[in-house]
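Below, each chain spelled out in residue letters.
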Amino acid sequence: MKTLLYSVLALSIFLLASGCDSPDAAASKLISKGAYEEVIKKYPDTRYALRAKAKIAEGLLNKGDFEEILKNYIDTPAAFQARSRLAQKLLDEGKYREVINKFPNLPL
């Protein structure tokens, strides 16, 4: 029994010393480093993946890459802004029919 206890204790110390993080801690660290693609790849079904997607979409929104957001990040908060800005851009270009066809529910 003592041997088992010492083995468990030794293993615990080893894991703590080796920096073995929980998935949440590891994902959080990656988010803070800006490694969003890695988070999505390693933790696809977590809240961290959703946060990473949102961060990527924000960057695309700032770059004006609205089509990419609407294609790959439709489930992010930036998608609404991307739709609105793309519709406004089409309106400014006089492409009224395209605005109606692509964005029938927007007030524009």
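This text goes with the structure placed above it.
Residues numbered from 1 in each chain as written. Predicted model: local features only at pLDDT ≥ 70, side-chain atom pairs only at ≥ 80, totals over all residues. Heavy atoms only, no water.

Some words on the packing of helix α4 (residues 47–63) against helix α6 (residues 78–92)
Thought 1: Where α4 meets α6, the axes come as close as 9 Å, and the angle between the chain directions of the two elements is 20°. Here α6 runs roughly parallel to α4, going by the angle between their axes. Of the two elements, α4 crosses α6, and the hand of that crossing is left-handed. Here Ala57, Glu58 and Leu61 of α4 come into contact with α6, specifically with Ala78, Gln81, Ala82 and Arg85.
Thought 2: When grouped by side-chain class, the residues that make up the contact of α4 with α6 number 4 nonpolar, 1 polar and 2 charged. (Axes fitted to C-alpha atoms, helices over the stretch in contact; angles between N-to-C directions. Helix = DSSP H or I, 4+ residues; strand = E, 2+ residues; numbered from the N terminus. Parallel < 35°, antiparallel > 145°, perpendicular 65-115°, else oblique. Left-handed = near helix turned anticlockwise from the far one by under 90°. Contact = heavy atoms within 4.5 Å. Nonpolar A, V, L, I, M, F, W, Y, C, P; charged D, E, K, R; others polar.)

Quick notes on the nonpolar core
Thought 1: With 26 residues, the main nonpolar core has Val39, Tyr43, Leu61, Ile69, Tyr73 and Phe103 as its most contacted residues.
Thought 2: Every element with two or more residues in this core is listed here: α2 (23–33), α3 (36–42), α4, α5 (66–72) and α6.
Thought 3: Looking at which element gives the most residues to this core, the answer is α6, with 7 residues.
Thought 4: Not counting chain neighbours up to four residues away, the residues in contact with Leu61 comprise Phe66, Ile69, Ala78, Gln81, Ala82 and Arg85. (Core = buried A, V, L, I, M, F, W, Y, C linked by side-chain atoms within 4.5 Å. Buried < 20%, exposed > 50% of the residue type's maximum accessible area, 1.4 Å probe, protein only.)

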